[in-house]
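Coordinates in review
Given next are the chains, with one letter for each unit.
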Amino acid sequence: MRTIDQLVNVDDPAWPDIEAACAASSVPVRVLPVDHEEGRRCLVQMQVTARSTLGALALHCGGLVVDDGWVRVFGGGSEAVGGLPGLAQVNRFPSAFDPAWHPATGLVVGHDVLGGVFALNGHDPAGEGRPGAPGQMTRFAPDTLEWEALDIGHSAWVSWLLSDGPEAFYEGLRWPGWREESAALALSQGIAVYPFLWSEQARADLAATTRKAVPMREVLGVAVDFARQMGPADPGFLGEV
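In this report, we go over the structure that sits alongside the text. Note that the structure is predicted; figures quoted are calculated from it, not measured.

Topic: the pattern of salt bridges
For side chains bearing opposite charge, pairing can occur when the charged atoms are close. This model, assessed by the stated rule, comprises nine salt bridges. One salt bridge connects D67 with R179, and the closest N-O pair in it is separated by 3.0 Å. Here the residue D67 occupies a position in the loop between β2 (63-66) and β3 (71-74), and R179 occupies one in helix α8 (residues 178-183), the gap between them amounting to 112 residues. Note on D67: relative accessible area 4%, which makes it buried. Residue classification places R179 among the partly exposed positions, given a relative accessible area of 30%. Between D112 and R139 there is a salt bridge whose closest N-O contact spans 3.0 Å.

Next comes the structure, spelled out in C-alpha cells:
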C-alpha cells in the first residue's frame, strides 16, 4: 500500500494540465468542487497517483459536467453540495482501504444523460464479458444495450471529451433542442426516451420521441432490465447513482 502522501506528492501532477484543457475546451465544461476527504479516500483505494488523470480528478475535482451536462465525469465527488457522487460511491468502494478489493467488471468513470456508461477495464475484461484490452475504456451503449470498446485509455478519453470528439460520436443520438434539455437536468437525472433508443421507431425519427427527465438510476435500471430480457447479455454493474 502506498500512503496518501506518496500518492499526492508527485512530480508532474496532472491537474494543471487538466485545468488548462478545461479552460481551453471547445465544449462547455464545468469543474465541480471536490469533497477533499472523499477524494483522498478514492486515491488510496485505487492506489493511483496524482500524476495520472484519474488520480488528479479524484483529488482535485468533484467531477466534470461536459457539454451542458450531456456527459458527467466522476471525480472525488461533490454530492454534498448538489454535485455528483464520487468514484468511491459510484463504484461501491469499501469504507476502509482493502488491498484485496477491486471493481469486478471495471471502474465506472462517467455517464451520459441517455444512460451510456463509461468504464475503465480491469485486468481481465474478456473473462468478465467485456470488450477491449485491460486498462482501456469501454462504453455501455443504451441504443444497442451492448458494451463497446473505445480503444483509448482514461486520459485520452478525458481529452477526447474536451474536444469536438463527442459531436460526431453522438450523431444520431441527439435531437433538435438536446442541449437545452440536457442543461435543464439536475445532476442526479437523465433523459428517458420513448419509444426506447434501441427501437426501430426511435432510430427512424429520434426527434419524434417523447422524452422525460427522470432519476439516472431509473434510466440505467430500465436499460439493464431490457438487456437481460432481450439480450445480448446482462450488462452487469453500471454504477451506483
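Quick word on helix α6 (residues 154-161)
Listed as buried for α6 are H154, W157, V158 and L161. Down the axis of α6, the buried set is contained in an arc of 100°. They therefore lie on one face.

A short note on the environment of D151
Examined against the element boundaries, D151 turns out to sit in the loop between β7 (146-149) and α6. With 50 residues separating them in the primary sequence, D151 and Q201 have C-alpha atoms 30 Å apart. Residues in contact with D151, not counting those within four places in the same chain, are Q136 and M137.

Some remarks on the layout of surface pockets
There is about 340 Å³ of room inside the largest pocket. Along the walls of the largest pocket sit 22 residues, with W101, H102, P103, L107 and G122 positioned nearest its centre. When grouped by side-chain class, the residues that make up the lining of the largest pocket number 11 nonpolar, eight polar and three charged. When its volume is computed, the second largest pocket comes out at roughly 280 Å³. What lines the second largest pocket is a set of 17 residues, among which I191, A192, V193, F196 and V222 lie closest to the centre.

Cut-offs used in this document
- Residues numbered from 1 in each chain as written.
- Predicted model: local features only at pLDDT ≥ 70, side-chain atom pairs only at ≥ 80, totals over all residues.
- Heavy atoms only, no water.
- Salt bridge = Lys/Arg side-chain N within 4 Å of Asp/Glu carboxyl O.
- Helix = DSSP H or I, 4+ residues; strand = E, 2+ residues; numbered from the N terminus.
- Buried < 20%, exposed > 50% of the residue type's maximum accessible area, 1.4 Å probe, protein only.
- Arc of directions from axis to C-beta.
- Contact = heavy atoms within 4.5 Å.
- 1 Å grid on protein atoms, 1.4 Å probe; cavity = no way out; pocket = protein on both sides within 12 Å on 5 of 7 lines; lining within 4 Å.
- Points joined across faces, edges and corners; volume = space filled by probe spheres on them.
- Nonpolar A, V, L, I, M, F, W, Y, C, P; charged D, E, K, R; others polar.

Any functional reading would require information that these geometric values do not contain.
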